[in-house]
Amino acid sequence: MSTESPLVVLPGEAIDPSLIPTHKKKPLRLGPGLRHIPPSEIVPTVAGQLVVDHRKTSMWIEYNGGRYIPSQGDLIIGQIARSATDFYYVSLSPYTPNATLPHLAFESATKKTRPQLASGDLVYARVSLANRHMDPELECVNSSTGKSDGLGPLKDGMVFDVSLGFARRLLMAKSREEGKVEVLEALGEEGLAFETAVGRNGKVWVGSESVKAVVVVGRALRETDERGLGVEAQRKLVKKLVREMR
Amino acid sequence: MTTAAPEASLNALPRADGSAKYSYAGYTVTASVNGPIEAQRRDEHAYEAHVDVIIRPSAGVGGTRERHLESILQSSLSQIILVKNFPRSVIQIVLQIESTPENAYVDTKLVQASLNLPIIPALFQTAVLALLSATVPMKATATSTVVAVVSEDGSKKIVADPSPKDIGEATSLHVLAFTSHDELLLSESEGDFTVKEWDDVYERAHQICCQTASKQAGIDMMLDDDSSGPNMRHFLRSALETKVASDLYWK
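Thresholds applied
Residues numbered from 1 in each chain as written. Chains lettered and ligands numbered in written order. Predicted model: local features only at pLDDT ≥ 70, side-chain atom pairs only at ≥ 80, totals over all residues. Heavy atoms only, no water. Helix = DSSP H or I, 4+ residues; strand = E, 2+ residues; numbered from the N terminus. Buried < 20%, exposed > 50% of the residue type's maximum accessible area, 1.4 Å probe, protein only. Contact = heavy atoms within 4.5 Å. Lys, Arg positive; Asp, Glu negative; His and termini not counted. Charge placed at Lys NZ, Arg CZ, Asp CG, Glu CD. UniProt positions renumbered as here; feature names shortened; annotations may be inferred. Expected span 1.5 Å × (residues − 1). Buried area = accessible area lost by both parts, 1.4 Å probe. Salt bridge = Lys/Arg side-chain N within 4 Å of Asp/Glu carboxyl O. Polar contact = N/O pair within 3.5 Å; in protein donor to acceptor, adjacent residues only side chain to side chain. Nonpolar A, V, L, I, M, F, W, Y, C, P; charged D, E, K, R; others polar. Axes fitted to C-alpha atoms, helices over the stretch in contact; angles between N-to-C directions. Parallel < 35°, antiparallel > 145°, perpendicular 65-115°, else oblique. Left-handed = near helix turned anticlockwise from the far one by under 90°. Pairing = 2+ DSSP bridges. Phe/Tyr/Trp six-rings, centres within 6.5 Å; stacked < 30°, edge-to-face > 60°. Lys NZ or Arg CZ within 6 Å of the ring centre and 35° of its normal.

### Quick notes on the overall build of chain A
Then comes step 1: Counting secondary structure elements, chain A contains four helices and 15 strands.
Then comes step 2: C-alpha extents for chain A along the principal axes are approximately 55 × 50 × 35 Å.
Then comes step 3: Taken over 246 residues, chain A has a buried fraction of 46%.
Then comes step 4: Sequence separation of 24 or more characterises 62% of the internal contacts of chain A that already satisfy a separation of 6 or more.
Then comes step 5: Between the averaged position of the 33 positive side-chain charges in chain A and that of its 29 negative side-chain charges there is a distance of 1 Å.

Laid out in structure tokens, this is it:
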């Protein structure tokens, strides 16, 4: 990102028109935290840092906290609340309406070979429909290729709650360079064998053969998030936790 | 007249979606915000979110006065929250009053039946801070203040952020709130006053709530012009800048 000081915006504040990226052909893309009031006003709706990407002609607000609001394409970890004739009802966060996950939205699922999930089971899914007037819909299969792309039921392991901003950092394509999270790499270098799945709704699933490893990975993630550790501190924390485990 | 600057801390409660603790002029209020969450049938609205304000007094259980304060805050807060974005849901704001300034001159128990106007700015400001901390989408931010008209030697004087003693002697008391677009959001008055007095009150409150939050000017005004009360907008901004900086420490 640019080196200039971060630009903090509050809801309703005017954005300097010179900051809005323009391109001859590509349309402007607005990310979370911004709203477009026709014809030409762009206003922030949350407090955060305004980020502008001139190459992709996009802008959004970077912030942390609050409740997860589903949006299309997000990867989430949900808990099955109950099963109906054609759907599973999946809880994404407490006290919000359940999302629906069709029984046949799994890889190579047919009426006879679909996964049988009980209430309380976990799924890693993608939000296929999010709309303010309807409950969100999920899928565990890529509808164009029919492949699961790593989505589906999560067996064993344990789920840890993290803040939404931390989940976003873990999900970044270059979480090490851009998100400044190295806990998972550091834990791997220490010789722990584990797998993770990160949900945009602030949940991280950790699975491993050894229960100790699951607990250590979970604690490392939680502490990194809660105490706001930098890269160096993350490595130190991992060293300490691994030493305590052994 | 109080000299202390307003203080706020955000995200103090770990389990709420957002929370804020605010103290100013002897009032301390803690707020938690949860939402958007699923609405109960009776609160459900097909096209917009229901803003649920709950006020808990520092001692005892809430009564009619609290319900009245809740209705005042509810109607003004739903103006600045983007309620249309979350149909059939609830945004729940719980305000716990922790302490109120004591009046050494008047026995507070005697005036319990009256409406407690001077606490509204503290409640309102805490609610706005907690909403911002919960990243509830909003149209604008808002600031609020209380102004008293006190008669002194036959002439009327306007006192911003009056002390309990000033309030006891005031001929009229006014609470005003403004959005960050300088629009009047809330106006509640009590006592006898003329249109001219109200205009003066409006001018004074507008000055306190709507001074521009530019960084340089803000500091200067805080230093040389403290007779006009604190610069609420500057305060709100600096509280949020601290929060954003700590949230995005990794940037």
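### Digging into the UniProt feature "domain: K Homology" (unreviewed entry) in chain A
Then comes step 1: The feature "domain: K Homology" (unreviewed entry), as annotated in UniProt, sits at residues 157-212 of chain A in this numbering.
Then comes step 2: Summarising residues 157-212 of chain A: 30% helix, 25% strand, and an end-to-end C-alpha distance of 11 Å.

### Topic: helix 4 (residues 231-245) of chain A
Then comes step 1: Between its first and last C-alpha atoms helix 4 of chain A spans 21 Å; for 15 residues at 1.5 Å apiece the expected length is 21 Å, and the two agree.
Then comes step 2: Packing partners of the buried residues in helix 4 of chain A comprise helix 1 (164-171), helix 2 (183-189) and helix 3 (211-227) of chain A.

### Some words on the interface of chain A and chain B
Then comes step 1: The partner chain B presents 36 residues to the 37 residues of chain A that form the contact.
Then comes step 2: Across the chain A/chain B interface, buried area totals approximately 2900 Å², and carbon plus sulfur atoms make up 58% of it.
Then comes step 3: At the boundary of chain A with chain B, the tally comes to three salt bridges.
Then comes step 4: Where chain A touches chain B, the interface holds 13 residue pairs in polar contact (both at pLDDT 80 or more).
Then comes step 5: Of all the elements in the fold, those that place two or more residues in the side of chain A that touches chain B are strand 5 (48-53) and strand 11 (134-139) of chain A.
Then comes step 6: With three residues, the top contributor of residues to the side of chain A that touches chain B is strand 5 of chain A.
Then comes step 7: By residue class, the composition of the side of chain A that touches chain B is 15 nonpolar, 13 polar and nine charged.

### Regarding the packing of helix 3 of chain A against helix 4 of chain A
Residues and elements named next belong to chain A.
Then comes step 1: Taken N-terminus to C-terminus, the directions of helix 3 and helix 4 make an angle of 150 degrees; their axes are 10 Å apart at the nearest point. For the element pair helix 3 / helix 4, the angle class is roughly antiparallel. When the axes of helix 3 and helix 4 are compared, the crossing they make is right-handed. On the side of helix 3, the interface is formed by Lys-212, Ala-213, Val-216, Arg-219, Ala-220, Glu-223, Thr-224 and Arg-227, while helix 4 contributes Gln-234, Leu-237, Leu-241, Glu-244 and Met-245.
Then comes step 2: Residue composition of the contact of helix 3 with helix 4, by class: six nonpolar, two polar and five charged.

### Focus: the pattern of salt bridges
Then comes step 1: By the definition in use, this model includes 22 salt bridges over all chains.
Then comes step 2: One continuous salt-bridge network, built from bridges that share partners, spans Arg-176, Glu-182, Glu-189 and Arg-235 of chain A.

### Re the sheet that holds strand 1 (residues 8-9) of chain A
Note: strands within a sheet are paired through backbone hydrogen bonds, in either parallel or antiparallel orientation.
Residue and element names in this part refer to chain A.
Then comes step 1: Sheet architecture is open: four strands sit in the order 1-5-6-2, paired in mixed fashion. Each of the sheet's edge strands pairs with one partner strand only, and the pair in question is strand 1 and strand 2 (29-30).
Then comes step 2: Of the pairings in the sheet, the one linking strand 1 to strand 5 comprises two bridges and is antiparallel in character. Counted as the bridge partner of Val-8 is Gln-49 from strand 5.

### Thoughts on the packing of aromatic side chains
Ring pairs (aromatic) are described by centroid distance and by the angle formed between their planes.
Then comes step 1: Per the stated rule, a full pass over the model turns up four aromatic pairs over all chains.
Then comes step 2: Aromatic ring contacts, followed pair by pair, group Phe-178, Trp-198 and Tyr-202 of chain B into a single cluster.
Then comes step 3: Sitting over the face of the ring of Tyr-89 of chain A, Arg-82 of chain A holds its NZ or CZ atom 4.2 Å from the ring centroid.

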